[in-house]
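# Tertiary structure, described
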Amino acid sequence: MTEYVAVTADTNFARDGAIKLYGPDGFAGMRAAGRLAAEILDALVPHVVPGVTTAELDDIVRRMTLDGGAVPATLGYRGYTHSCCISINHVVCHGIPSNKTLKDGDIVNIDVTPLLDGWHGDTSRMYLVGDVPLKAKRLVDVTYECLMIGIEMAKPGNTMGDIGHAIQRHAEKHRYGVVRDFCGHGLGRVFHDAPEVVHVGRPGTGPELKPGMFFTIEPMINIGRPDVKLLDDGWTAVTRDRSLSAQFEHSIGITEDGCEIFTQSPTGRHNPPYA
């Protein structure tokens, strides 16, 4: 049985399995955190070019996060030592910034989470490095479509299964694999909270969506099979068949008649190529 808890001044913000329902103050906090997250991804556009290292991009994220009055939620999280995750080509998620240099033709996901006044603005976006092959660009386009199709299903009365089914159906129509090993999650005052947001599913199953729920939708779509493996660093997840993978992520809040996207780009840089 799914438990829902309306957030009050006395709420214990622990990962206790209950789905938290936030009020107007929560929406205001998430708007501010989400906007900062989106502004950071916007600002990275001219820097994601052949020859840049992922460590240099991580430095930009850290500086912008601090300048915005926030701290990177990933910095120190479960021992993680960087301000964002940067995942290239066949890396599905949680790629660790390093001295690795981006090359012409790479596709890159950058995932940021500024923690602003106690609120988590979690979002990721794909970038095209130089001249990207058509099959890679098509994967990126379809992955963005999967995100937005999932968001269209995020409204009161629907279920998590409705979101997952819509994403799975669109991806598999293009013969792509939908990663099962990682999923979206609740957030707000807590970085990773209930509910889990799986990107496959059956309509009408899973927790019902109710106003005040905050969570991410972040489909990871592979050109090949959906199977992934974790590298020895304990963070980096890659496709088992070395096929390309793409991901987009938004943080959203369920409203009375739909949902609000907290991490929408304020400059219209939603899906590459970005102007």
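Each remark here, short or long, concerns the structure printed above.
Definitions and cut-offs
- Residues numbered from 1 in each chain as written.
- Predicted model: local features only at pLDDT ≥ 70, side-chain atom pairs only at ≥ 80, totals over all residues.
- Heavy atoms only, no water.
- Helix = DSSP H or I, 4+ residues; strand = E, 2+ residues; numbered from the N terminus.
- Rg over C-alpha atoms; globule rule 2.2 N^0.38 Å.
- Buried < 20%, exposed > 50% of the residue type's maximum accessible area, 1.4 Å probe, protein only.
- Contact = heavy atoms within 4.5 Å.
- Areas by Shrake-Rupley, 256 points an atom, 1.4 Å probe, with all protein chains shown as cover.
- Salt bridge = Lys/Arg side-chain N within 4 Å of Asp/Glu carboxyl O.

So, on to the overall build of the protein. Secondary structure summary: the protein contains four helices and 19 strands in total. Computed over the C-alpha atoms, the radius of gyration of the protein is 17 Å, within 12% of the 19 Å expected from 2.2 N^0.38 for a compact globule of 275 residues. With respect to the principal axes defined by its C-alpha atoms, the protein has extents near 50 × 45 × 35 Å. Taken over 275 residues, the protein has a buried fraction of 56%. Partitioning the contacts of the protein with sequence separation of at least 6, the portion at a separation of at least 24 is 70%. Per element, the accessible surface of the protein, about 11700 Å² overall, is 51% carbon and sulfur.

Mapped onto the elements, S251 comes out in strand 18 (residues 250-254). Residue contacts for S251: discarding those within four places in its chain leaves M30, G121, D122, L187, F215, T216, E260, I261, F262 and T263.

All right, on to the pattern of salt bridges then. When the charged atoms of two side chains with opposite charge come close together, those side chains can pair. With the rule as written, the count across this model stands at 11 salt bridges. The shortest N-O distance in the salt bridge between R62 and D59 comes to 2.3 Å. Here R62 and its partner D59 are both found in helix 2 (residues 54-67), three residues apart, which amounts to about one turn of the helix. Shared partners join several salt bridges into a network, and the residues in it are D16, K20 and D193.

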